[in-house]
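# Notes for the structure review
Spelled out, the chains give:
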Amino acid sequence: MKTTQTLLAFTSMSIGFICSYFLELTMQNAEQYLAITTLVFADGFFGIIAGIKREGFKTYKAIKILRTLIFWVIMLTLILVIEKSIPGAGWLSETMLMPLVIFQLISTVKNASMAGFVKADIVNQILDNIDKHKGTRK
């Protein structure tokens, strides 16, 4: 009986420690988690509306939004744990997450255009400004 109580106390203490560690990590970097969540949901929102106009609502495509969000939250958590544990790795989250931010922003603008929220001319102008060395569209 005493062994069971000791094991239960040790287990709950360990789980409490792990949860408090991740709570502190999340709260110290809430802006990064919020940015990723907002970006993925905005892209998904416009993507669903564009998809409904094109081919109707597809549940499996809507679920991909949650899968993408869970993946990037896990990646951000992993990166932040590495940054916290290795003093010289403070650059890691910016380096690893900037490609996500850039591609998700471009995808959000494209989906918003396909959904009818942004005119195609504006999207073309944005894309032309990204790659000025390639010339402009005619």
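Note: the structure precedes this text.
The text that follows walks through the structure, step by step, so that each part is easy to find. (Residues numbered from 1 in each chain as written. Predicted model: local features only at pLDDT ≥ 70, side-chain atom pairs only at ≥ 80, totals over all residues. Heavy atoms only, no water.)

## Focus on the overall build of the protein chain
The secondary structure content of the protein chain amounts to 5 helices and 0 strands. Mapped from its N terminus to its C terminus, the protein chain presents α and β elements in the order α-α-α-α-α. The C-alpha radius of gyration computed for the protein chain amounts to 21 Å, which surpasses the reference 14 Å derived for 138 residues by more than 25%, pointing to a less compact arrangement than a globule. Viewed in the frame of its principal axes, the protein chain has a C-alpha envelope of about 80 × 40 × 20 Å. Counting across all 138 residues of the protein chain, residues that qualify as buried make up 24%. Within the protein chain, contacts between residues at least 6 apart in sequence are counted, and of these 66% link residues at least 24 apart. Per element, the accessible surface of the protein chain, about 10,000 Å² overall, is 71% carbon and sulfur. Both charge centroids of the protein chain, one from 14 positive and one from 9 negative side chains, sit 9 Å from each other. (Helix = DSSP H or I, 4+ residues; strand = E, 2+ residues; numbered from the N terminus. Rg over C-alpha atoms; globule rule 2.2 N^0.38 Å. Buried < 20%, exposed > 50% of the residue type's maximum accessible area, 1.4 Å probe, protein only. Contact = heavy atoms within 4.5 Å. Areas by Shrake-Rupley, 256 points an atom, 1.4 Å probe, with all protein chains shown as cover. Lys, Arg positive; Asp, Glu negative; His and termini not counted. Charge placed at Lys NZ, Arg CZ, Asp CG, Glu CD.)

## Things to note about helix H4 (residues 92-115)
The end-to-end C-alpha distance of H4 is 35 Å, a good match for the 34 Å that 24 residues give at a rise of 1.5 Å each. At methionine 98, H4 is bent by approximately 30°, the largest bend along its length, and proline proline 99 sits one to four residues beyond. Residues of H4 that are buried: Leu92, Ser93, Leu97, Leu100, Gln104, Thr108, Asn111, Ala112, Ser113 and Ala115. Buried residues along H4 sit against helix H2 (30-55), helix H3 (59-85) and helix H5 (120-130). (Expected span 1.5 Å × (residues − 1). Bend = angle between axes of the 7 residues up to and from the residue.)

## Concerning the layout of surface pockets
Once rolled over the atoms, a probe with the size of a water molecule shows which space is left empty. Estimates place the volume of the largest pocket at around 440 Å³. Contributing to the lining of the largest pocket are 21 residues, with Gly47, Ile48, Lys61, Ile65 and Asn111 lying nearest its centre. The set of elements that each furnish at least two residues to the lining of the largest pocket consists of H2, H3 and H4. Residue contributions to the lining of the largest pocket peak at 10 residues, all from H2. Tallied by class, residues from the lining of the largest pocket come to 7 nonpolar, 8 polar and 6 charged. (1 Å grid on protein atoms, 1.4 Å probe; cavity = no way out; pocket = protein on both sides within 12 Å on 5 of 7 lines; lining within 4 Å. Points joined across faces, edges and corners; volume = space filled by probe spheres on them. Nonpolar A, V, L, I, M, F, W, Y, C, P; charged D, E, K, R; others polar.)

Purely geometric stuff here, so don't read any function into it on its own.
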